[in-house]
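# Per-entry structural report
Each chain, letter by letter, is given below.
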Amino acid sequence: MIVSTRGRYALRVLTDIAEHSEDERIPLKEVAERQEISQKYIESIMTLLSKNGFVDAVHGKSGGYKLNRSPEEYKVGEILRLTEGTLAPVACLEKGAPLCPKKEKCRTVNMWSKLDELIEGYLDSVTLADLMKK
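Now for a description of the structure that goes with this document. (Residues numbered from 1 in each chain as written. Predicted model: local features only at pLDDT ≥ 70, side-chain atom pairs only at ≥ 80, totals over all residues. Heavy atoms only, no water.)

## Here we look at the overall build of the chain
Within the chain, the secondary structure is distributed over six helices and two strands. Starting at the N terminus and ending at the C terminus, the chain contains elements arranged as α-α-α-β-β-α-α-α. Overall, the C-alpha framework of the chain stretches about 60 × 25 × 25 Å when taken along its three principal axes. Within the chain, the fraction of its 134 residues that count as buried is 36%. (Helix = DSSP H or I, 4+ residues; strand = E, 2+ residues; numbered from the N terminus. Buried < 20%, exposed > 50% of the residue type's maximum accessible area, 1.4 Å probe, protein only.)

## Focus on the packing of helix 1 (residues 5-20) against helix 2 (residues 28-35)
Two measures define how a pair of helices packs: the angle their axes make with one another and the distance between the axes. Their axes nearest at 10 Å, the elements helix 1 and helix 2 cross at an angle of 115 degrees. Classified by the angle between their axes, helix 1 and helix 2 sit roughly perpendicular to one another. For helix 1 against helix 2, the interelement crossing comes out right-handed. Seen from helix 1, the contacting residues are Arg12, Val13, Asp16, Ile17 and His20; seen from helix 2, they are Val31, Arg34 and Gln35. (Axes fitted to C-alpha atoms, helices over the stretch in contact; angles between N-to-C directions. Parallel < 35°, antiparallel > 145°, perpendicular 65-115°, else oblique. Left-handed = near helix turned anticlockwise from the far one by under 90°. Contact = heavy atoms within 4.5 Å.)

## Here's the deal with helix 5 (residues 109-125)
For helix 5, built from 17 residues, the straight-helix expectation of 24 Å at 1.5 Å per residue is met to within 8% by its first-to-last C-alpha distance of 24 Å. Listing the buried residues of helix 5 in full gives Val109, Asp116, Ile119, Glu120 and Leu123. Each buried residue of helix 5 lies within a common arc of 95 degrees when the element is viewed along its axis, so the set occupies one face. Away from its buried face, by an angle of more than 90 degrees, helix 5 presents the exposed residues Asn110, Glu117 and Tyr122. Residues of helix 5 that are buried make contact with helix 4 (76-84). (Expected span 1.5 Å × (residues − 1). Arc of directions from axis to C-beta.)

## Structural notes on unusual backbone geometry
You will see that Glu36, though not glycine, has its phi angle at about 55 degrees, which is positive. Taking relative accessible area as the criterion, Glu36 reaches 74% and is therefore assigned exposed.

## Quick look at the pairing of strand 1 (residues 55-58)
As paired strands, strand 1 and strand 2 (residues 64-67) are joined by four bridges and run antiparallel to one another. Residue Asp56 lies in a different strand from strand 2, and its bridge partner there is Lys66. Where strand 1 folds back onto strand 2 in an antiparallel hairpin, the turn is made up of five residues, including Gly60, whose phi is positive at roughly 115 degrees. (Pairing = 2+ DSSP bridges.)

## Let's talk about the packing of helix 1 against helix 4
For the pair helix 1 and helix 4, interaxial distance at closest approach is 9 Å and the crossing angle is 135 degrees. Regarding the angle of helix 1 to helix 4, the classification is oblique. Pair helix 1 / helix 4 crosses with right-handed handedness. The residues of helix 4 that touch helix 1, namely those facing Arg6, Gly7, Ala10, Leu11 and Leu14, are Val76, Ile79, Leu80, Thr83 and Glu84. Classifying every residue of the contact of helix 1 with helix 4 by side-chain character gives six nonpolar, two polar and two charged. (Nonpolar A, V, L, I, M, F, W, Y, C, P; charged D, E, K, R; others polar.)

As structure tokens, then:
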């Protein structure tokens, strides 16, 4: 599993918003400047996050983004599953993957399953609040 820039940037942007918003909406331009990420690229990420209820968005002159829950309630795993689609280390463990005809005789499936559990468990134990700590 390799986390794409989309997943990494989503974590950086949400952490930035968490650190800089005190009941105020943060303009995307400010986040883009602080994070040195293209504003256009962040917009596509924020659209996904907004549509899925991770942030509240207000468009227009005094608009911006704001977390809709506390940083402690955002799990890194849920953010990455949204942006990446899957965290599975191998294709046969992805949700909705067709049943592998070799699964019954596969000598490695248990190892991959355990790795998948470790990845999911760890990423679901880390929150935005944890990322905010230096």
